[in-house]
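Descriptive structure summary
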Amino acid sequence: MTVTLTIVRYRKRFIPFALLAMALFRLPLAFNKRSQFWKLLGSGKSGSFDKTPDWQQWAVLSVSNLKFKNVQIIHYPQEVIIKKLYGTFISKWLNLFRCQTLTYFLEPIEGHGLWDGKKVFGELPHKTEYEGQVAVLTRATIRLARLKRFWKHVDGVATQMATANGFVTSYGIGELPLIKQATFSIWQSKESMKSFAYQLKEHQEVIQKTRQEKWYSEDMFVRFRPIKSSGTLKGTLPFEIKL
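Residues numbered from 1 in each chain as written. Predicted model: local features only at pLDDT ≥ 70, side-chain atom pairs only at ≥ 80, totals over all residues. Heavy atoms only, no water.

The next thing to look at is the confidence of the model for the protein chain. Averaged over the protein chain, the pLDDT score is 87; the fraction of residues at 70 or greater is 91%. Looking at the elements of the protein chain, mean pLDDT is at its lowest for helix H3 (residues 70-75), recorded as 65, and at its highest for helix H5 (residues 88-96), recorded as 97. (pLDDT = per-residue confidence, 0-100. Helix = DSSP H or I, 4+ residues; strand = E, 2+ residues; numbered from the N terminus.)

Structure, rendered in structure tokens:
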């Protein structure tokens with residue numbers, strides 16, 4: 001299993017084509033025999049749950065049966081990696097519109113929850129002894145009756161996450177504005193991530209409210225070991241993965 005998250009950024013003048021791609025990309029992904037699961041995702045302006053969309057930035061999450069060696073990820077051009085993961089059409093489209101792309105290769109190590117009723121990353125333990133660099137995917141389908149409560153509480157937590165010790169970067173991504181939301185964040189260690197998640201009072205209060213008031217109809221929480229990254233975003237590689 002190879003899990004990848006590719007962040008795609010269009011130039012401002014190509015935003016209409018970015019919206020069009022969300023429809024066009026579904027066909028080649030659906031017929032990609034290497035892909036076991038995929039999602040086309042929009043992005044928020046901030047690096048967490050966000051009501052304001054970033055029309056220039058999008059994402060593709062994929063679980064495939066492809067296998068990459070570290071040397072291939074390091075030396076393959078990003079165009080080749082995109083082609084192998086998502087097919088020729090998507091690769092040529094992103095090149096045509098001169099998109100910036102950044103792909104994270106990830107190994108799921110622990111977690112729980114469902115996505116569209118499936119355990120898309122396989123059977124995972126809730127906890128492991130792993131303590132190194134970690135990436136975290138938190139996603140949820142928010143109940144319509146709880147939307148107001150949810151959005152009232154998440155902004156403060158997102159602001160504090162960006163200044164937390166050990167925080168590296170994050171992306172607010174989602175399938176459906178306001179309702180189906182996710183955050184992908186990267187931390188220098190699992191210890192620093194847990195310090196934020198379990199010691200920050202505001203974050204603990206939000207976690208308690210989600211359970212007590214049943215904000216979500218479906219949710220998922222998965223931790224990954226970052227394997228490697230390829231490409232750049234806004235001209236930089238925001239995270240150096242230590243092998």
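This part is about unusual backbone geometry. Even without glycine at this site, Arg98 takes up a positive phi of about 50°. Here Arg98 is to be found in the loop between H5 and strand S4 (100-113). A relative accessible area of 54% places Arg98 in the exposed class. One non-glycine residue, Lys214, lies in the positive phi region at around 55°. With respect to the helices and strands, Lys214 occurs in the loop between helix H8 (201-212) and strand S8 (216-231). (Buried < 20%, exposed > 50% of the residue type's maximum accessible area, 1.4 Å probe, protein only.)

Residues Phe17, Leu20, Leu24 and Phe89 make up a contiguous nonpolar surface patch of about 330 Å² in total accessible area. Per-element accounting of the nonpolar patch gives the leading share, 3 residues, to helix H1 (residues 15-24). Inspection of the secondary structure puts Phe89 in helix H5. (Patch = residues over 30% accessible without salt bridge, like charges linked within 9 Å, V, L, I, M, F, W, Y side chains within 5 Å. Areas by Shrake-Rupley, 256 points an atom, 1.4 Å probe, with all protein chains shown as cover. Salt bridge = Lys/Arg side-chain N within 4 Å of Asp/Glu carboxyl O.)

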